[in-house]
Amino acid sequence: MRRAVLLVSLVLAGAHASVPTYDAHPYLCANSTMFGSLIEGAAVDRHGSFYAVSYKDDKAAVGQAFTQQKLFFEDLERPNTWFNAVRFNVDRHGVQEAYLGDVTNHRVVRVRDPGGKGQFLHSEVF
């Protein structure tokens, strides 16, 4: 019985040793960017630009963090908007669109890039 326990212990120890480890570092921090303390919902578009919510500490604003920091979309029409998610998609016509989750108003805002140049001009809510 002791041999079986010892064997199982050695096998488990060996399995644990083979798990790769990663060196993680902060990429976007409130104290070193234009994003506020509620950064979340990070996403990357098809051009490799990085986005997150809480741009300039505004819960209703989504910002582009890379390649440059700038406002991507801000909802000024709906009170209490609190975006907490960003996802990108390319529709069947090749138009890139962003989906922004609004946790307070229980909705998703779709912002489209009809020109295909990274200029999201039109928005629809569903």
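The model shown is predicted, which means the values in this text are computed figures rather than measured ones.

Basis of the calculations
Residues numbered from 1 in each chain as written. Predicted model: local features only at pLDDT ≥ 70, side-chain atom pairs only at ≥ 80, totals over all residues. Heavy atoms only, no water. Helix = DSSP H or I, 4+ residues; strand = E, 2+ residues; numbered from the N terminus. Buried < 20%, exposed > 50% of the residue type's maximum accessible area, 1.4 Å probe, protein only. Contact = heavy atoms within 4.5 Å. Areas by Shrake-Rupley, 256 points an atom, 1.4 Å probe, with all protein chains shown as cover. Polar contact = N/O pair within 3.5 Å; in protein donor to acceptor, adjacent residues only side chain to side chain. Pairing = 2+ DSSP bridges.

### A short note on the overall build of the protein
Secondary structure summary: the protein contains 1 helix and 8 strands in total. Listing each helix as α and each strand as β along the protein from the N terminus yields α-β-β-β-β-β-β-β-β. Counting across all 126 residues of the protein, residues that qualify as buried make up 33%. For the protein, the proportion of contacts with a sequence separation of at least 24, taken over those separated by at least 6, is 26%. Accessible area for the protein stands at about 8600 Å²; split by element, carbon and sulfur atoms hold 56% of it.

### Some remarks on the side chain of T33
Its location among the elements puts T33 in the loop between α1 (2–17) and β1 (43–44). Of the residues examined, T33 reaches a relative accessible area of 19% and is grouped as buried. One polar contact links the side chain of T33 to the main-chain carbonyl oxygen of C29, over a distance of 2.7 Å. Polar side-chain contacts of T33 include one of 3.1 Å to the backbone nitrogen of F35. Sequence-distant contacts of T33, that is, excluding residues within four places in its chain, are made with L28 and Q69.

### Overview of the sheet that holds strand β2 (residues 50–53)
If you walk across this open sheet you meet the 4 strands as β1-β2-β3-β4, and the pairing is antiparallel. The outermost strands of the open sheet, each flanked by one partner alone, are β1 and β4 (70–74). Note: β1 against β2, 2 bridges, orientation antiparallel. The residue bridging A43 from the neighbouring strand is Y51, located in β2.

The quantities given are spatial measurements derived from coordinates; they are silent on function.
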